[in-house]
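Listed below are the residues making up each chain.
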Amino acid sequence: MTEPIIETADQVIANTYKRFPLVLEKGAGCTVWDTNGKAYTDFVAGIAVCNLGHAHPRIAEAISRQAKTLIHVSNLYYTLPQTEFARLLVAHSFADRVFFCNSGAEANEAAIKLARKYAKDQGHPQRYQIISMEKSFHGRTMATLSATGQDKIKIGYDPILTGFSFVPFNDLDAVAAAIDDKTCAVMLEPIQGEGGINCPSPDFLKKLRALCDEKGLLLILDEIQTGMGRTGKLFAYEHYGVVPDIITLAKALANGLPMGAMLAKEAIAQSFGPGAHASTFGGTPLVASAALETLKIFLEDHIVEKAQETGEYFKAALNRLKDKHSCVLDVRGKGLLLGMKLNQPADGFVLSMMEKGFLINCVQGDTLRFIPPLIIEKSDIDAMLQCLDTVLPR
Ligand SMILES: *Cc1c(COP(=O)(O)O)cnc(C)c1O
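What comes next is a walk through the structure. (Residues numbered from 1 in each chain as written. Predicted model: local features only at pLDDT ≥ 70, side-chain atom pairs only at ≥ 80, totals over all residues. Heavy atoms only, no water.)

1. Digging into the overall build of the protein
Phase 1: Looking only at helices and strands, the protein has 13 helices and 15 strands in total.
Phase 2: What you see for the protein is a C-alpha radius of gyration of 21 Å, in line with the 21 Å of a compact globule of 394 residues.
Phase 3: Across its three principal directions, the C-alpha atoms of the protein cover 60 × 55 × 45 Å.
Phase 4: The burial tally for the protein puts 54% of its 394 residues in the buried class.
Phase 5: Long-range contacts, defined as pairs at least 24 residues apart, comprise 71% of the intrachain contacts of the protein with a sequence gap of at least 6.
Phase 6: Split by element, the accessible area of the protein, about 17,500 Å² in all, is 54% carbon and sulfur.
Phase 7: The distance from the centre of the 40 positive side-chain charges to the centre of the 44 negative ones in the protein is 1 Å. (Helix = DSSP H or I, 4+ residues; strand = E, 2+ residues; numbered from the N terminus. Rg over C-alpha atoms; globule rule 2.2 N^0.38 Å. Buried < 20%, exposed > 50% of the residue type's maximum accessible area, 1.4 Å probe, protein only. Contact = heavy atoms within 4.5 Å. Areas by Shrake-Rupley, 256 points an atom, 1.4 Å probe, with all protein chains shown as cover. Lys, Arg positive; Asp, Glu negative; His and termini not counted. Charge placed at Lys NZ, Arg CZ, Asp CG, Glu CD.)

2. What about the side chain of Ser289?
Phase 1: Secondary-structure assignment places Ser289 in helix α10 (residues 285-300).
Phase 2: Dropping the residues within four chain positions of it, Ser289 is found in contact with Ala62, Gln66 and Pro81.

3. Some remarks on a nonpolar patch on the surface
Phase 1: There is a patch of nonpolar side chains on the surface, built from Met142, Tyr157 and Leu161 and spanning about 280 Å² of accessible area.
Phase 2: Summarising the element assignment, Tyr157 is placed in the loop between α6 (142-147) and β6 (164-167). (Patch = residues over 30% accessible without salt bridge, like charges linked within 9 Å, V, L, I, M, F, W, Y side chains within 5 Å. Salt bridge = Lys/Arg side-chain N within 4 Å of Asp/Glu carboxyl O.)

4. With respect to the environment of Phe20
Phase 1: Along the polypeptide, Phe20 turns up in the loop between α1 (2-12) and β1 (24-28).
Phase 2: Relative accessible area serves as the criterion here: at 41%, Phe20 is assigned to the partly exposed category.
Phase 3: Once the C-alpha coordinates of Phe20 and Ile6 are considered, the two residues, 14 residues apart in sequence, prove to be 9.8 Å apart.
Phase 4: Here Phe20 is in contact with Val350, Leu351 and Met354, once residues within four sequence places are set aside.

5. Topic: the pattern of salt bridges
Phase 1: Under the counting rule described, the total for this entry stands at 16 salt bridges.
Phase 2: A salt bridge links Lys207 to Asp203, with the shortest nitrogen-to-oxygen separation between them at 2.9 Å.
Phase 3: Judged by relative accessible area, which is 44%, Lys207 ranks as partly exposed.
Phase 4: According to the relative accessible area criterion, Asp203 is partly exposed, its value standing at 34%.
Phase 5: Note that Asp389 and Lys324 form a salt bridge whose closest N and O atoms lie 2.7 Å from each other.

6. Remarks on the site of the ligand
Phase 1: The environment of the ligand is formed by Ser103, Gly104, Ala105, Asn108, Phe137, His138, Gly139, Glu189, Asp222, Ile224, Gln225 and Lys251.
Phase 2: Contact between the ligand and Lys251: an oxygen atom at 2.6 Å from a side-chain N or O atom of the residue.
Phase 3: Within the complex, the protein chains bury 81% of what would otherwise be the 380 Å² of accessible surface of the ligand.
Phase 4: The greatest single-element share of the shell around the ligand, amounting to three residues, is contributed by helix α5 (residues 104-121).
Phase 5: Tallied by class, residues from the shell around the ligand come to three nonpolar, six polar and three charged. (Near = heavy atom within 4 Å. Polar contact = N/O pair within 3.5 Å; in protein donor to acceptor, adjacent residues only side chain to side chain. Nonpolar A, V, L, I, M, F, W, Y, C, P; charged D, E, K, R; others polar.)

7. Quick look at the sheet that holds strand β12 (residues 337-342)
Phase 1: An order of β11-β12-β15-β14 is seen for the four strands of this open sheet, with the pairing classed as antiparallel. Two strands lie at the open edges of the sheet, namely β11 (328-334) and β14 (361-363), each paired on one side alone. Neighbouring strand axes in the sheet, compared pairwise and without regard to direction, differ in orientation by 30 degrees on average.
Phase 2: Pairing analysis gives six bridges linking β11 to β12, with the strands arranged antiparallel. Note that in β12 the partner of Arg332 across the bridge is Gly339. (Pairing = 2+ DSSP bridges. Axes fitted to C-alpha atoms, helices over the stretch in contact; angles between N-to-C directions.)

This is the structure in structure tokens:
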């Protein structure tokens, strides 16, 4: 069964992904099964998306109930799940208002547009430049790839949009030096995911916040990967004692249904008046009901606290593995956003682990990334690391 599916897919689907030779058919909790019935423990979670695992009964029920009630009417009207979800997001974050869209890139587009418009509304028509970080990842649309600090995703798409400048991550002096009379905002991931699980030094974001305040710049945090409990706090900014002006969310927001969101403080959100920005599908009743149920489960089941605790256990175990294997250069990350940097290409190990029934992935070619559902059990982590121990060279 697997062979014809892969052959057909390779003929008719745009070739933008180098896929693993694996056809996945169903999932439950932290396990997915292929079409041969082989089980895999999932440490990828659809790229940090399915935080409550696969086929969660309450989320399935919420989606099914909403599908039978109302799927979509557009944002010309008020709807209940969207309103209730926004209320909950605002109650549990720094923000006052939420703009809903359908993906991470769209959320970042909204943030970029809002930052530019806010500068104009503040009487700074010349300000449009956003300072971004090297090795950052903000998405694949024209604006968000232009904001991304990795050349490999820009090749072939000239002209890249102007209005973005790049500085090394975690380098406050470089940010200060990059600010000029055109700058309107600084935009970064609190922890870089695609860039190699790069954490800032403890006081970097605090100092950056102070610098932004001094210069009248917005601080935009891309929490698309770090948000929704992934790092052991609901939002990663909570680790660093800062209050951003704008954050963007997507990936895990609706546990697998496509949803993006941009959250902002009132004074800034005011720059998005009627007609200033829009999205047909943004926050449909269907997606919002899944997101609402997800966040309710988070709060009721203390998912974020568990992620923090499991993450510490996981990281300590990764560090023990590092001591055993000289090919491991570094273990990094927070909560259940963890990386293991190797002194050699990591993709072969990803394949070996897959053959042995564990899905992990790799970023930047040499860094294994572990982003399991937040409900992962310590026994699953033990089993995966026992296997990784046999796969990595001594
Ligand atoms: C995944 C990701 C994006 C892009 O999200 P899409 O939904 O794929 O558009 C942007 N920023 C960060 C930090 C991400 O991890």
